Amino acid sequence: MTTTQDKVLYTGRTHTTGGLGGAARSDDGRLDVMLTRFGTVGPGTNPEQLFAAGWSACFMGAMARAAQVQGLRLPAELAVDAEVDLVEGADGFKLAARLRVHVPGVPQDTALAIVEAAHQLCPYSKATRGNIAVALSVA
């Protein structure tokens, strides 16, 4: 929810048809994907994969910001392996996630500090905080 003081920087717009057997397209045509249920064979992706890709990309941006604040530069080989689980429990379906960050050439304690700061900055991390189980690690 935005307040009157918030400034919208960008709005992603998609049009989805057919649910998990359909397609999603962005209004600018840059995204055009077939959607499938997890475990099906053939082309297409699923919401969990899309969420993992979006979160990991956003998280890397937050890491760059956190490193910049600390006067550090991240290596070009920076990578995030994101796993998003669809979980069925007594209260229905929910998500869980793990982000494993690879920061080659950066001392472990420094990398951990950057990851923890990024987790406070990243909009995906903020949106999921307190809503799903999230585990962060540095490889």
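Our structure's up above, just so we're on the same page.
Residues numbered from 1 in each chain as written. Predicted model: local features only at pLDDT ≥ 70, side-chain atom pairs only at ≥ 80, totals over all residues. Heavy atoms only, no water.

The next point concerns a nonpolar patch on the surface. On the surface, F38, L86 and F93 cluster together to form a nonpolar patch covering roughly 360 Å² of accessible area. By the secondary structure assignment, L86 is in strand β4 (residues 79-89). Under the relative-accessibility criterion, L86 is labelled partly exposed at 39%. (Patch = residues over 30% accessible without salt bridge, like charges linked within 9 Å, V, L, I, M, F, W, Y side chains within 5 Å. Areas by Shrake-Rupley, 256 points an atom, 1.4 Å probe, with all protein chains shown as cover. Salt bridge = Lys/Arg side-chain N within 4 Å of Asp/Glu carboxyl O. Helix = DSSP H or I, 4+ residues; strand = E, 2+ residues; numbered from the N terminus. Buried < 20%, exposed > 50% of the residue type's maximum accessible area, 1.4 Å probe, protein only.)

Moving on to the packing of aromatic side chains. A full pass over the atoms with the stated rule returns 2 aromatic pairs. With a centroid separation of 5.6 Å and 65 degrees between ring planes, the pair formed by F51 and W55 is classed as edge-to-face. In this pair, F51 and W55 are both assigned in helix α1 (residues 47-69), 4 residues apart and thus about one turn of the helix distant. By the ring-pair criterion, three or more aromatic residues cluster together here, those being F51, W55 and Y124. (Phe/Tyr/Trp six-rings, centres within 6.5 Å; stacked < 30°, edge-to-face > 60°.)

This part takes up α1. Given a rise of 1.5 Å per residue, 23 residues ought to cover 33 Å, and the 33 Å separating the end C-alpha atoms of α1 matches this to within 8%. Buried within α1 we find E48, A52, W55, S56, F59, A62, M63, A66 and A67. Taken together, the buried residues of α1 touch β4, β5 (92-102), α2 (108-121), α3 (123-128) and β6 (133-138). Directly after α1, the chain includes G71, whose backbone phi takes a positive value near 75 degrees. (Expected span 1.5 Å × (residues − 1). Contact = heavy atoms within 4.5 Å.)

A word on α2. The end-to-end C-alpha separation of α2 is 20 Å, in line with the 20 Å expected for 14 residues at 1.5 Å each. Inspection of α2 places A111, I114, V115, A118 and H119 among the buried residues, and these make up the whole buried set. Within α2, the buried residues cover an arc of 140 degrees as seen down the axis, which keeps them to one side. Residues D109 and E116 are exposed on α2 and point more than 90 degrees away from its buried face. Considering only its buried residues, α2 is in contact with α1, β5, α3 and β6. (Arc of directions from axis to C-beta.)

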